Amino acid sequence: MIQQDHLQVFDLTLKTQSPLFVGSGRKIGKREYIYSPNQGCVKILNMELFFDYMLRHDLVRQFEKFMLSSNSSLLDFWTRDCHLAEDWLEHPKLMGDKPLIQYRLAVTEDVAGYNGTKEIHQFQRDAYGRAYIPGSSLKGALRTAWLVHLLLHETPVSDKKRTLEAFEVNHDYVFPEGSYANKLRSGAAADDILDSIFRGVQVSDSAPIDNDKLILTGRTLISPLSAARVEDFNGDAKDLPLYQECVRPGETIRFRLTLDQSILNRHIHPITKDALLEAIAEFSSFYQDTFLSHFPQGHPVANIPDTPHLILGGGTGFFSKTVGYPYLKDDYAAALKWTQRILQTQHGRHQADISLGVSPHRARYITYAGKRYPAGFCEVNIL
């Protein structure tokens, strides 16, 4: 830790305990990469250089014909139609000093039936094409953990008991975050974000993540153990028709965390390094006990180490990013009803959640090295 006047600067590291996906919102089309089954990988093209190569070598007509055909294999086009060797794509001097391939992703046997005909959801990348995690993503996860910690420790006064009815605002269910976070000035409006304690928490973007730490994965929806007891509910595992770039388990990702004591000490519950670690530990235990315990454990589900962790990134589900359950901690049925109502209104297909006893009623898992992992689990260290 470095102390700079009122600023405390820490090195924060995440160690991935399961595959982690932080999406950029960009999808790599099935004709924008090459699937090489012999090499067990997909090769992501630099499309700008690829089109330049087509123009320079008078291959535009052949490429147009390929794009209009039913064949989606860019490898077939390159080797069969252009009569070029696959390895030529990675020649370092093919286009000046740059190869046409930006990077590779390993395709393991866990991605059953992969044939290179699906879009790939790309990991967040910077202007240089390097994978990274935005600081805002980590700060959001820290915010959720801190609020869960605060709610679990707060004892509501008798005339302000947390009920489903008290949760209702304008016929919608909204968590009053401002009543907990926006407390820097006594008497300030709860919706004034200038009074948010999180103004005093700054998180840098992560250091770049090497491409060899990323893998190509699918995603599977798993039903709760109670599915077998609910009539007319299909509890079979469902593989989603998508693939994504994920950081594989066991990798370390580095950030810089800055705590501004001149802001944080003005809150009745200041955020400190120790308070954050305690909040993360309580969040991970609460998540396990209240949500994940409803789903199958043991083989083939991986055994996540029993250490404090955050749940980060895309595909981690509604529970990891909201605080309805801890807010209504003394009335699980009310929390279940609140969550089910929101999900049913927004997405449909959640009618059975009440009968199943958990909402959302499916957890997202990723298969890696023969085991199923809940997505986005990261061990946290602050030094």
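Procedures and definitions
Residues numbered from 1 in each chain as written. Predicted model: local features only at pLDDT ≥ 70, side-chain atom pairs only at ≥ 80, totals over all residues. Heavy atoms only, no water. Helix = DSSP H or I, 4+ residues; strand = E, 2+ residues; numbered from the N terminus. Buried < 20%, exposed > 50% of the residue type's maximum accessible area, 1.4 Å probe, protein only. Contact = heavy atoms within 4.5 Å. Areas by Shrake-Rupley, 256 points an atom, 1.4 Å probe, with all protein chains shown as cover. Pairing = 2+ DSSP bridges. Expected span 1.5 Å × (residues − 1). Axes fitted to C-alpha atoms, helices over the stretch in contact; angles between N-to-C directions. Parallel < 35°, antiparallel > 145°, perpendicular 65-115°, else oblique. Nonpolar A, V, L, I, M, F, W, Y, C, P; charged D, E, K, R; others polar. Arc of directions from axis to C-beta. Core = buried A, V, L, I, M, F, W, Y, C linked by side-chain atoms within 4.5 Å.

1. Re the overall build of the chain
Logical step 1: Across its full length, the chain carries 10 helices and 19 strands.
Logical step 2: For the chain, with 383 residues in total, the buried portion stands at 49%.
Logical step 3: Here the analysis covers contacts within the chain between residues at least 6 apart in sequence; of these, 75% occur between residues at least 24 apart.
Logical step 4: Looking at the chain as shown, the accessible area adds up to about 19200 Å², and 48% of this sits on carbon and sulfur atoms.

2. Some details on the sheet that holds strand β17 (residues 363–368)
Logical step 1: Read from one edge of the open sheet, 4 strands run β13-β12-β17-β18, paired in antiparallel fashion. Lying at the two open borders of the sheet, with one neighbouring strand each, are β13 (238–239) and β18 (371–374).
Logical step 2: Pairing of β17 with β18, which is carried by 4 bridges, proceeds in the antiparallel orientation. Residue pairing for β18: Y368 is matched across the bridge by K371.

3. Considering the side chain of S284
Logical step 1: Following the sequence through the fold, S284 ends up in helix α7 (residues 273–290).
Logical step 2: Once residues within four sequence positions are removed from consideration, S284 is found in contact with T307, P308 and H309.

4. Points about helix α9 (residues 332–347)
Two residues of an α-helix separated by three or four positions point the same way, owing to the 3.6 residues in each turn.
Logical step 1: The end-to-end C-alpha distance of α9, which contains 16 residues, comes to 22 Å, matching closely the 22 Å that a straight helix rising 1.5 Å per residue would cover.
Logical step 2: Those residues of α9 that fall on the buried side of the exposure criterion are A334, A335, L336, W338, T339, Q340, I342 and L343.
Logical step 3: At the C-terminal side of α9, G348 shows a positive phi close to 70 degrees.

5. Let's talk about the packing of helix α4 (residues 135–153) against α7
Logical step 1: At a minimum axis separation of 8 Å, α4 and α7 run at an interaxial angle of 80 degrees. Classified by the angle between their axes, α4 and α7 sit roughly perpendicular to one another. Residue-level inspection shows L142, T144, A145, W146, V148, H149, L152 and H153 of α4 in contact with α7, the latter providing L276, E278, A279, I280, E282, F283 and F286.
Logical step 2: Of the residues belonging to the contact of α4 with α7, the class tally is 10 nonpolar, 3 polar and 2 charged.

6. Quick look at helix α1 (residues 47–56)
Logical step 1: Every buried residue of α1 is listed here: M47, L49, F50, Y53 and M54. Along α1, the residues classed as buried sweep out an arc of 160 degrees about the axis, all on the same side. Pointing more than 90 degrees away from the buried face of α1 are the exposed residues E48, L55 and R56.
Logical step 2: The elements touched by buried residues of α1 are β5 (41–45), α2 (60–68) and α3 (74–81).

7. Some details on the nonpolar core
Logical step 1: Core analysis: the largest hydrophobic core is formed by 83 residues, its most contacted members being L14, V42, F123, I133, L257 and I271.
Logical step 2: No other element matches the 9 residues that α4 contributes to this core.
Logical step 3: Once you skip the residues sitting within four places of it in the chain, F123 turns out to touch L20, F21, V22, S24, A131, Y132, I133, I209, L214, E245 and V247.
Logical step 4: Membership of the second largest hydrophobic core comes to 20 residues, among which are M47, L49, Y53 and M54.

8. Some thoughts on the pairing of strand β11 (residues 214–217)
Logical step 1: By the alternation rule, side chains of β11 split into L214 and L216 and I215 and T217, which are all buried.
Logical step 2: Relative to strand β14 (residues 243–247), β11 is paired through 4 bridges, and the arrangement is antiparallel. Paired with T217 across the bridge in β14 is Q244.

9. Some thoughts on the side chain of T16
Logical step 1: One can find T16 in strand β2 (residues 7–16).
Logical step 2: A relative accessible area of 2% means that T16 is categorised as buried.
Logical step 3: Residues contacting T16, with those up to four places away along its chain left out, are V247, R248, P249, G250, E251, I253, F377 and C378.

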